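Structure at a glance
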Amino acid sequence: MDQTKILLPESELPQQWYNILPDLPTPLPPPLNPATGQPIGPEDLAPIFPMELIRQEVSSERWIDIPDDVLRVYKLWRPSPLFRAHRLEEYLGTPARIYYKNESFSPAGSHKPNTAVAQAYYNKQEGVKRIFTETGAGQWGSALALGGTLFGVEIVVYMVKISYQQKPYRRMLMETWGATCYASPTDRTEAGRAVLAQNPDSPGSLGIAISEAIEEAAKDPEAKYALGSVLNHVLLHQTIVGLELKKQLAMVDEKPDVIVGCVGGGSNFAGVCYPFVKDKLDGQEIDIIATEPTACPTLTRAPYRYDFGDTAQLTPLLLMHTLGHGFVPPPIHSGGLRYHGAAPTMSLLVKEGVIEARAYHQNEVFEAAVTFARTEGSLPAPETAHAIKGAIDEALKCKETGDEKCIIIGYSGHGHFDLAAYDAYLSGKLEDYQYPEERIVEALAEVPDIEPPTA
Ligand SMILES: *Cc1c(COP(=O)(O)O)cnc(C)c1O
């Protein structure tokens, strides 16, 4: 039981992804066409996504086979190790057992390649020459650049301008893997030009970059678009993480009492927890805790409404917790957690009380990150540090109650490209920020006037 790394043999790599759609406690309300208010069909998505991904997006099959070529690429870093955080436990003096499922060993340093390589593969299969996408801090852009280079598809990335300027290393990584990267808003698209006309100094946002990438993909017959989070097929691909985790926990005779992850759009956490959500719905007692920044409190404070996924209102309407499609995030350091919405399936599970959500300020998050780095050695991404903060809080509760719980952390990535943020924290320059209530009220006014269905 005092094992530190729980390694799954390559021969045990799961061969299927798990689709939560058929197991949700209430059916997922469909995406709507904003023009008609009617549910969209596969044909509406065909200009921007390959057919196989559209099929997966709406599939009601519980298990979906992972193609052999994708499995072969997965084996470059999968199965990923599960670690027991012995030194963190000792430091905290907790009777809890803390484990972290470590996705930082992928070539891009996060969980994102789990879907990026699958998406690049399906696009290649269907003859797509290039894929347009957006990226915030650069993690998704670099993951898709990796997928593109491994499967021979050209990748074009619209990167949020403020990150493009402040975080040049992710851009260099994308370019090394052969991708082209633009600082968004650009003057290459109507969406970008509209934003620049209003505000030439716009720092950009994920919503604006998505608009630019979709517009480009829609007008190029050889191109498609790719999204790194939020959509059902993206979360589906990430379930490889939780399926491996299940096998690894069985190897050490454990069952999770608490699973904690961080949520931007919801993909890494869905990957870790969805295979266990099924167990919880079947009666097993598990606390499933989603964490996010107080500066972008999508799951903890935003209304549950139909809204667009992007600023220019090009996407179908998704029913989700949303801070409004016009959301321009405050400048916090967890770039990957600054999206205005969250995955419809995760939003539904939070609304139904299956998943609990908590928000943290950035200083307490970095305090947890530094504690982790000084005990376990590894330096987490600022996004990941939200999950660590949540897990430390749970472990300290166990210290008070004496509960010997098994706590799992979804360790979504490393922070080697985020050292400037660590520097800001260590030199006392990080400021906490609470998203103002007025802005949430304003967002309600801007989302389309469609009542969510009542159960
Ligand atoms: C992108 C990212 C996230 C947030 O995105 P999700 O889709 O919510 O997973 C979290 N952690 C890391 C390391 C990321 O790169």
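Above: the structure in question.
Owing to the predicted nature of the structure, the values given are computational and were not obtained by experimental measurement.

Here the focus is the side chain of H233. By the element assignment, H233 lies in helix α11 (residues 232–251). The class of H233 is buried, set by a relative accessible area of 1%. With sequence-adjacent residues up to four places away left out, H233 is seen in contact with F49, L53, Q56, E57 and Q119.

Let us look at the packing of helix α15 (residues 362–376) against helix α17 (residues 419–426). In contact at an axis separation of 10 Å, α15 and α17 are set at 105° when each is read in the N-to-C sense. With respect to each other, α15 and α17 are oriented roughly perpendicular. Only A421, Y422, Y425 and L426 of α17 make contact with α15, whose side of the interface consists of N363, F366, E367, A369, V370 and R374. A class-by-class count of the residues in the contact of α15 with α17 yields seven nonpolar, one polar and two charged.

It is worth spelling out the site of the ligand at this point. The environment of the ligand is made up of 19 residues, and the closest members are K112, S229, G264, S267 and N268. One of the side-chain nitrogen or oxygen atoms of Q139 is found 3.4 Å away from an oxygen atom of the ligand. S267 places a side-chain nitrogen or oxygen 2.7 Å from an oxygen atom of the ligand. Here the ligand, which alone exposes 380 Å², has 97% of that area covered by the protein. When residues of the shell around the ligand are traced back to their parent elements, those giving at least two are α12 (267–281) and α16 (382–401). Of the residues assigned to the shell around the ligand, the class counts are four nonpolar, 13 polar and two charged.

Next up on the list: the packing of aromatic side chains. Tallied over the entire structure, the rule returns 14 aromatic pairs. Aromatic side chains Y18 and W63 sit 5.5 Å apart centroid to centroid with 50° between the ring planes, which places their arrangement in the tilted category. Of the two residues, Y18 sits in strand β2 (residues 16–18) while W63 sits in strand β3 (residues 63–65), which places them 45 residues apart along the sequence. Judged by centre distance (5.8 Å) and plane angle (55°), the ring pair of F49 and Y225 falls under tilted. Of this pair, F49 sits in the loop between α1 (42–45) and α2 (51–58) while Y225 is found in strand β9 (residues 223–225), placing the two residues 176 residues apart along the sequence.

So, about unusual backbone geometry. A cis amide bond links R78 to the next residue, P79, at an omega of -10°. Summarising the element assignment, P79 is placed in the loop between α3 (68–74) and β4 (82–84). Put simply, S184 and P185 share a cis peptide bond, and its omega is 10°. In this fold, P185 is placed in the loop between β8 (180–184) and α9 (190–198). Notably, V230 is not glycine yet its phi reads approximately 70°, a positive angle. Relative to the assigned elements, V230 resides in the loop between β9 and α11.

What follows deals with the packing of helix α6 (residues 139–151) against helix α8 (residues 168–176). The N-to-C vectors of α6 and α8 enclose an angle of 10°; their axes lie 8 Å apart at closest approach. Relative to α8, the element α6 is oriented roughly parallel. Handedness of the crossing formed by α6 with α8: left-handed. Listed contacts from α8 to Q139, G141, S142 and A145 of α6 are R170, L173 and M174. Split by residue class, the contact of α6 with α8 holds three nonpolar, three polar and one charged.

The subject of this paragraph is the nonpolar core. Of all hydrophobic cores here, the largest spans 83 residues; its most connected members are W17, Y74, Y225, F269, Y274, M346 and I355. Broken down by element, the residue count for this core peaks at eight residues, all from α11. When near neighbours in sequence (up to four residues on either side) are disregarded, F269 contacts I259, V260, G261, C262, V263, Y274, I288, I289, A290, M346 and I355. The next biggest cluster of nonpolar side chains, apart from the first, holds 21 residues, and it includes A96, I98, A387 and C398.

With mixed pairing, the seven strands of this open sheet are ordered in space as β1-β4-β5-β15-β10-β11-β14. Each edge of the open sheet carries a strand with a single partner, namely β1 (5–6) and β14 (356–360). Pairing between strand β10 (residues 258–262) and strand β15 (residues 406–411): three bridges, direction parallel. If you follow V260 over to β15, its bridge partner there is I409. Contacts from α16 reach β5 (97–102), β10, β11 (287–293), β14 and β15 within the one sheet, and its direction differs from that of β15 by about 170°.

With that out of the way, let us pick up a nonpolar patch on the surface. Side chains of Y169, M172 and F417 sit close together on the surface and give an oily, nonpolar patch of about 300 Å² of accessible area. With respect to the helices and strands, F417 occurs in the loop between β15 and α17.

Conventions adopted
Residues numbered from 1 in each chain as written. Predicted model: local features only at pLDDT ≥ 70, side-chain atom pairs only at ≥ 80, totals over all residues. Heavy atoms only, no water. Helix = DSSP H or I, 4+ residues; strand = E, 2+ residues; numbered from the N terminus. Buried < 20%, exposed > 50% of the residue type's maximum accessible area, 1.4 Å probe, protein only. Contact = heavy atoms within 4.5 Å. Axes fitted to C-alpha atoms, helices over the stretch in contact; angles between N-to-C directions. Parallel < 35°, antiparallel > 145°, perpendicular 65-115°, else oblique. Nonpolar A, V, L, I, M, F, W, Y, C, P; charged D, E, K, R; others polar. Near = heavy atom within 4 Å. Polar contact = N/O pair within 3.5 Å; in protein donor to acceptor, adjacent residues only side chain to side chain. Areas by Shrake-Rupley, 256 points an atom, 1.4 Å probe, with all protein chains shown as cover. Phe/Tyr/Trp six-rings, centres within 6.5 Å; stacked < 30°, edge-to-face > 60°. Left-handed = near helix turned anticlockwise from the far one by under 90°. Core = buried A, V, L, I, M, F, W, Y, C linked by side-chain atoms within 4.5 Å. Pairing = 2+ DSSP bridges. Patch = residues over 30% accessible without salt bridge, like charges linked within 9 Å, V, L, I, M, F, W, Y side chains within 5 Å. Salt bridge = Lys/Arg side-chain N within 4 Å of Asp/Glu carboxyl O.

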